[in-house]
Structures are given as structure tokens and as C-alpha cells.
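Residue strings, one per chain:
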Amino acid sequence: MPHWTQLVAEKKQRQLKSIPQEWLVSPPPDSTLDVTGFPETCGLLTAREIEITNTSVNILLEKLACGEWTAVDVTTAFYKRAIIAHQLVNCLTEIFVDHALARAAELDDHFKRTGKVVGPLHGLPISLKDQICIKGLETTMGYISWIGRYAEKNAVLVDVLVECGAVPFVRTNLPQTVMWPESFNNIFGRTTNPYNRSLTPGGSSGGEGALVALKGSPLGVGSDIGGSIRIPSAFCGLYSLRPSYGRMPYCGALNSLEGQDSVLSVFGPMTNSASGLKTFMKAVIDAKPWLKDPLAVRKKWQEDEYNLVDHGSGRDLCFAIMWDGVVVPHPPIRRSLEVTKVALEKAGHKVVDWKPMKHRLLADTTVRDYRNIWNAASAEDYMITTSVTGEPIIATMELDDSNATAAPFRPKKIGITAYQLWQVQKLRRDIRKEYLDHWEATVSETGTGRPVDAIICPASSYAATPHGKNRYTNYTTVWNALDYPAATFPVTTVDPTLDAKKPRHVFYDDFDRDIYDMYDSEIFKNAPICLQLVGRTLEEEAVIKMTEIVDGALAAAR
């Protein structure tokens, strides 16, 4: 077998050849950190293509459904912008222009012959994280060992999206092992944040986050086992949804830790418009994915739940704000919580404080302690996968790894026994029951006759960090452990004047102090700030609606 570096060089060459030469641009120098304006000023996109790529998901679908825009025109516009984005932030893995445009042409032909759309996502280009297999394409998931493995069939989610009329058109970058909150691997390299290329876009769905932020895709699909949809969405200023286990089909996709069925990875949407969350989820669920994936939950889309029938029909909602957890968030995160509270109260809703319960223990059972669910055999999983080619297992995302500190979520070299794993799983099960009771008990403080309708909390303790510095994920991971659906929504950006560092003298522990010490408002300047809205298991419809309500309240308060 060739040396792994040769395999990488050959793969990178194939990727470069897949880009139409006429779509290559002259990117700004590395010293230009904010590249969000470049796609519209570089000269490659026409005025109409700029209009198309600036249009929200629902309006795109309306224009496609009435024939004002063709699927080929829309796919071409987003493809060109995606290629521009890739040259700026290195966000793509698989590029298959001819395949996507042929699919778009089929949709246009159907529309021309019948006057009808193929499905609810007719003509919509959708980007996919590099776990989601497409027949005939390689899916490496950042592993050199998987170069040359071509999918013999689509993942179920791809079949469902095609059935709905969508156009899968690119796949996006992620970290080796997919178990990192940043995006770097030995094949495709590092993805950067379009708002500031010295910062990470997050991970593990960082390629999606960066691409959608640059409007190179109207809607992307990420995966989330500990925050991998919500962290890049928060770092890149996007709306997103981490659904409950099984609400979206996962069958036929690749993953790390396969067979670990306690804390499951899930697929969900990432988009620039709040309306895109409902559009995607409803389309996929209405296609009855449980008939194609045995682990997909047999639950139809419930419009009455979206209309908040169990939450006072959306009037006089009571939100609980979680101000901090095991680590105190940075000043811009705190400010975004305060802004959101004021906006909700102004809109007539009630806001109370959320008291986090056993969040440190939940993190320990899932990821942080060596006796946890992920660590049971993850080191062995990574070792076996990489042993085929001898590629090194990445130990840090730091630009300079000479003084790198091990992230607390990385696996230890030893695993645990099956019996020890059962004890951790049992502990997590018991905490889930305690948390359910904890939530139910809030009925005494809401004044609505209901428990708290949703929790609003940070998606991270900080905005997008310098590369290699995103070392804390518990603001997202805790909800994976509890299996609570959670959406992200943008609030503001880091403002050095409003978000100046304030002195602190009391810390939860040394790690909390380290997070405090890393804050510098100038380093984080202009980085997007998003929050999470958290509901209860299988409450995706209500979570989406309440996110729209919060988003509307913030817009009205600006």
C-alpha cells in the first residue's frame, strides 16, 4: 500500500480536478480575516446569482414551485458560491458538479412536463456532512484509511431527500474521528471561520457551518453527538436543530463509535433562516423514514404540537434562562442572554431562572471522565480504523502543537469493561429520571399552570475560539445525554466596547479559570453569538415554533 501521504496527495488532486476551472478566483490574502463579503464582490457571481443565494429557504422553494427560477439556475448559483466559499475557508470534501446539475435538470424536465414539483424540497440544493453516503462517491469522514471506498448505495437520508425533490450537491469537511468540536483532518486540512479566519468554525460539522454562513448552501445537514450541529452553528451565526434520537434517519451513514447505542448521534438541519428548520424536518418526517430505517422513530409531523397545543398555544409562554453551568460563559454570551430576556419580557412572556442539576455528572458519564460511555472503546475504535494506512491519530487542533493541552473530551488509552459501562449507563438513566422530575417541578414557579415551556442557555461558554482552543462542550453535550432537542438562534456579535472583560475572583475550578483567562474581546471581535433553546424529548415541533417566537421577539426589540 502507498504511504498515507501519497494517498492524501492523490485524493487532493482529484478534488482539485473536480472544480470547474472557470470558477476559480483569486482569494484575499490570509491577513484578511473577515471574508463574508468576498463572494459578492469577487466578480464570479451574476446579480441574479447573488439574489438567488441571498434568498431564504421558503422563498427559494416558492420560486422553484411556480417556475420563476429553475432547479439548474438555483443549483448553479449555490454551486458557484460554494466553490468560492471553499477557496476562502476550505469547507468542502466531495465536489460533484455534473452529478448535481444532471439531477437539477431532471427536476426541471419533470416540472416542464407536468407543471408539478417532485416533492416539498423540489430543486433545493442541500449540502451534506462527509458522513452521509451518496452512491458512487467516496466517503472518508476524514480518515485516510477510507480513501477509495465508494458507496454502493445512498444513505437513507439521501434517498429521502431525493424523494422530496432536493438536490444533494456538495459534501463538507469535518475532523478526523468526527469526535472534535473543531474541523481538521489529515486529508482535507483545516476549515476556518468566515467571520474571522484565525478562529475555528467549530465542529464536528464545521464545514457545514462555514459553508452555510457564506451562503454557499441554503441548508446543510450536520450530525450531533455532543454538540456537533449546534457548536458550528453558534460559531457561524446560524439556525440549527439537534433532534431527539431517531427522529431523523441515520441508516447507511458512516460514523465513529458504531455500536455505541447509549448516547446516539443524530442528523439535523443548519440554515440561515429560522423557517428552514421546519421546512426540512417536516419534509423528511412526512416521507415516513421509519419505513426505510428500523431505528427511525415512528412519529408523524404533528402540526398541533408545532402550534404549541401543549404550551398554551404559544401565548404567555414561560422560558427559563440558564445563566451558567459548570463553566461561567464569557461576557458576550452573558449579554446575549440578557438581551433575550428583555426581548421576551417585552413580548409578554415570562422569564425565570433555570437551576442546572447534575450537569457536571452528566458530562462525566458521557465524555469527560475516563469511566464514561464514549471512552469505553473509542481509543480502540480510532486505532483500528487508522491502522490500515498508519496515519497518525490527531491529538490536538492547535496550530502549534508543541505546547498543546489535551482536551478533556479526547479518549484515554484504556477503555472500561462491559460491566463498568453498564453502571455508567444506569447512572445516566437514573439522572434522566431526576431531570424529568426537576423540570416537572417548575410548575410551581411559572404561573402558567404548566412547567417551564423551554430552557434558553448558552450553546458554548464562548464565541468562536482561536484554532485548537475549543476545549469545552458541556453546554451542548448535557442535552445529548438527556436526549432533549435543542435549536440554535443568532442574537448578536462580540462588541469589544459592550463586552469588556470584567474581573472575577471566585471560580468553580481551575478549568473555569482557564476559560476566563482565554477571553480577549479584541480576539473575539465581531464573532457571532448564538444561544440554544431546549425542549423535551421528541418535542421537535414545539422547539422549532418556540425558536421562531424567540427570534421574532429579538427582531421586534432591535
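Residues numbered from 1 in each chain as written. Predicted model: local features only at pLDDT ≥ 70, side-chain atom pairs only at ≥ 80, totals over all residues. Heavy atoms only, no water.

K.L.:
What should I look at first to understand the pattern of salt bridges in this one?
P.N.:
Side chains that differ in sign of charge can pair as their charged atoms come close. Following the criterion strictly, the structure yields 28 salt bridges and no others. The partner of E49 in a salt bridge is K80, and the shortest N-O contact between them spans 2.9 Å. You can see E49 sitting in helix α3 (residues 47–53) and its partner K80 sitting in helix α5 (residues 71–89), a full 31 residues away along the chain. Look at E49 and you get buried, because its relative accessible area is 11%. E338 is paired through a salt bridge with R334; the nearest N and O atoms lie 3.2 Å apart. Within this pair, E338 and its partner R334 are both found in helix α12 (residues 331–346), separated by four residues, close to a single helical turn. Counted as one network, the salt bridges with shared partners bring together R247, K299, E305, E540 and E541. (Salt bridge = Lys/Arg side-chain N within 4 Å of Asp/Glu carboxyl O. Helix = DSSP H or I, 4+ residues; strand = E, 2+ residues; numbered from the N terminus. Buried < 20%, exposed > 50% of the residue type's maximum accessible area, 1.4 Å probe, protein only.)

K.L.:
What exactly am I supposed to notice about the pairing of strand β3 (residues 167–172) here?
P.N.:
Within a regular strand, the side chains alternate between the two sheet faces. The buried fraction of β3 is high, at six of six residues. Sheet topology places strand β1 (residues 92–95) next to β3; two bridges connect them, and they run antiparallel. Bridging from a neighbouring strand, L92 pairs with T172 of β3. Between the parallel elements strand β2 (residues 125–129) and β3, the chain passes through helix α7 (residues 156–163) in a crossover that is right-handed. (Pairing = 2+ DSSP bridges. Right-handed = clockwise from strand over helix to strand, strands pointing away.)

K.L.:
Looking at this model, I keep getting lost on unusual backbone geometry. Mind explaining?
P.N.:
With glycine set apart, most residues show a phi of negative sign, and most peptide bonds adopt trans. Cis geometry is found at the peptide bond from G203 to S204, where omega equals 5°. Position of S204 relative to the elements: it lies in the loop between β5 (189–190) and α8 (206–213). Positive phi outside glycine occurs at V178, with the angle close to 65°. Along the chain, V178 turns up in the loop between β3 and β4 (184–185). Positive phi is not limited to glycine here, since S313 has a value of about 55°. Among the structural elements, S313 can be located in the loop between α11 (303–306) and β9 (318–321). With relative accessibility at 38%, the residue S313 sits in the partly exposed group.

K.L.:
What am I meant to see in the packing of aromatic side chains here?
P.N.:
Pairs of aromatic rings are described using the distance from one ring centre to the other and the angle between the two planes. The final tally for this structure, using the stated rule, is 17 aromatic pairs. Relative to F511, the ring of Y472 has its centre 5.6 Å away and its plane inclined at 45°; by these criteria the two rings are tilted. Residue Y472 is found in the loop between β11 (454–458) and α17 (474–482), and its partner F511 is found in helix α18 (residues 510–517); the two are separated by 39 residues along the sequence. An identical accessibility class is assigned to Y472 and F511; each is buried. (Phe/Tyr/Trp six-rings, centres within 6.5 Å; stacked < 30°, edge-to-face > 60°.)

K.L.:
How do you make sense of the environment of V170 when you look at a structure like this?
P.N.:
Within the element layout of this structure, V170 appears in strand β3. A relative accessible area of 0% means that V170 is categorised as buried. C-alpha separation for the pair V170 and R103, spaced 67 residues apart in sequence, amounts to 13 Å. Residue contacts for V170: discarding those within four places in its chain leaves Y79, L92, E94, F96, I126, S127, L128 and L211. (Contact = heavy atoms within 4.5 Å.)

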